[in-house]
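Spelled out, the chains give:
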Amino acid sequence: MAFTIRIYEKNGYIYQLLKKRLSCFYPDAYIVNPFFDEQDYEDRFSDFTRVIYDPEDISKEETSANLSSPIRLTDDGGIIDCARLISLLRPTDDIPTITQKTTGTVIAVIPFVCSDARDSFIRGLSSGLPDTGLNVRLDFTSKLRSSWHARSGCNMTSLLEACRSRRFEPEDIFKYCNMDESGFLTPGSTADYDDINDLGTSRSVTLMHHAACLAHSDKRSVNVLAVLEGFRTKDLPELLAESDKVFILLPARNAVEDLGSKDLVAMLTKVLGRERIEVYYAEEKNTLEDFGTAPGQGRLVV
């Protein structure tokens, strides 16, 4: 049964990120924005409509007199919490629930630490991954910063070049992977040092989308861990839109670090929701046994 999610949001960038995130959980829904899209065409194919509105753009009363219980986009703190929206969008008992079965997890790591500290963190993180069949690691980094170099002809560059094809399927990612010493299936490094930048951010966004489809598919159990380095701050929300958890690794807690990092964390929290963001400092001697059981503790020695 198809239904419509109508989002009243004048910021087109935020709307596109919301659309991408919500479509992972409601793949059969028509997601439209009355500020940008033609209205009513989707109603011919929908059984019902749910409304999300930004109070800065439109009042609750203006959304529609015929639709009950419009959902406010932001919470009281002005944060867009996607987990809250997803729970509120779930239909009532008399309407069939339309959700996508999720078997794996997409985890993103944004490190501002040395590669040894980064990989120490990931080794600790891997022990707390959900107990699924396969773990895939994708390094969206310079070749210099990659943790493992695959054999010739099987590398991150080849995967990024292949994923642009319309015939590329999410499970094709496995064709470019080998097992590393930590038990991850990975394509390893890029062929040249700057391929991630040279191929463009849009290619990385495409691969992240395929990776999310792979992890969120019910065909097999797969976790995906993506390491993202060197991207512009404004590109991160789109790259991370389909991630289930985002870890930000910082070297130390001090005034200089906090000045820039607080802005980054605040921006990602507003767009992705606080439940998906965790911050860790290399200098603080705590451990992370299971990222899924201790949300908000966020301190790890690496």
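Details of the structure are given in the entry above.
Residues numbered from 1 in each chain as written. Predicted model: local features only at pLDDT ≥ 70, side-chain atom pairs only at ≥ 80, totals over all residues. Heavy atoms only, no water.

Asker: What is the right way to read the overall build of the protein chain from this model?
Answerer: Summing up its helical and strand segments, the protein chain has nine helices and 11 strands in all. Of all 302 residues assigned to the protein chain, the portion counted as buried reaches 52%. If you sum the accessible surface of the protein chain, you get close to 14700 Å²; carbon and sulfur atoms cover 46% of it. (Helix = DSSP H or I, 4+ residues; strand = E, 2+ residues; numbered from the N terminus. Buried < 20%, exposed > 50% of the residue type's maximum accessible area, 1.4 Å probe, protein only. Areas by Shrake-Rupley, 256 points an atom, 1.4 Å probe, with all protein chains shown as cover.)

Asker: Where do I start with the nonpolar core in this structure?
Answerer: Soluble globular proteins: nonpolar side chains tend toward being buried together. Within the largest apolar cluster, 45 residues are counted, with the highest numbers of intra-cluster contacts made by L138, F140, I173, L207, L240 and L268. Among the elements that line this core, the one with the most residues is helix 7 (residues 201-215), at seven residues. Once you skip the residues sitting within four places of it in the chain, I173 turns out to touch V136, L159, F168, L207, H210, A211 and L214. Counting 21 residues, the second largest nonpolar core, distinct from the first, contains I5, F25, I80 and C82. (Core = buried A, V, L, I, M, F, W, Y, C linked by side-chain atoms within 4.5 Å. Contact = heavy atoms within 4.5 Å.)

Asker: Sorry if this is basic, but what is going on with the packing of aromatic side chains here?
Answerer: The geometry of an aromatic ring pair comes down to the distance between the two centres and the angle between the two planes. The tally for this structure, following the rule as stated, stands at five aromatic pairs. With a centroid separation of 6.4 Å and 40° between ring planes, the pair formed by Y15 and F36 is classed as tilted. Separated by 21 residues along the polypeptide, Y15 in helix 1 (residues 12-25) and F36 in the loop between strand 2 (30-32) and strand 3 (49-53) bring together distant segments of the chain. Here Y15 falls in the buried class, since its relative accessible area comes to 2%. Judged by its relative accessible area of 46%, F36 is partly exposed. (Phe/Tyr/Trp six-rings, centres within 6.5 Å; stacked < 30°, edge-to-face > 60°.)

Asker: Help me out: how do you make sense of the pairing of strand 10 (residues 245-250) in this one?
Answerer: Along any regular strand the residues' side chains alternate between the sheet's two faces. Counting buried positions along strand 10 gives six out of six residues, so the element sits mostly inside the fold. Of the two faces of strand 10, both are covered, the one formed by K245, F247 and L249 as well as the one formed by V246, I248 and L250. Bridge count for strand 5 (residues 106-111) against strand 10 is five bridges, and the pairing is parallel. Looking at the pairing, A108 lines up with V246 of strand 10. Across five bridges, the pairing between strand 10 and strand 11 (residues 277-281) is parallel. By the bridge assignment, V246 is partnered in strand 11 with I277. (Pairing = 2+ DSSP bridges.)

Asker: Looking at this structure, I do not really get the pairing of strand 11. What am I missing?
Answerer: Counting buried positions along strand 11 yields five of five residues, so the element is predominantly enclosed. Going residue by residue along strand 11, you find I277, V279 and Y281 tucked away on one face and E278 and Y280 tucked away on the opposite face as well.

Asker: Could you clarify how one ought to interpret the environment of L264 in this entry?
Answerer: Note on placement: L264 falls in helix 9 (residues 255-272). Separated by 31 residues in the primary sequence, L264 and T233 have C-alpha atoms spaced 7.4 Å apart. With near-sequence residues (within four places) excluded, L264 lies in contact with F112, T233 and L236.

Asker: Explain helix 3 (residues 82-89) here, please?
Answerer: Structurally, the α-helix is built with 3.6 residues per turn, so residues lying three or four positions apart point the same way. Every buried residue of helix 3 is listed here: C82, L85, I86 and L89. Buried residues of helix 3, viewed axially, fall in a sector of 100°; they line one side. (Arc of directions from axis to C-beta.)

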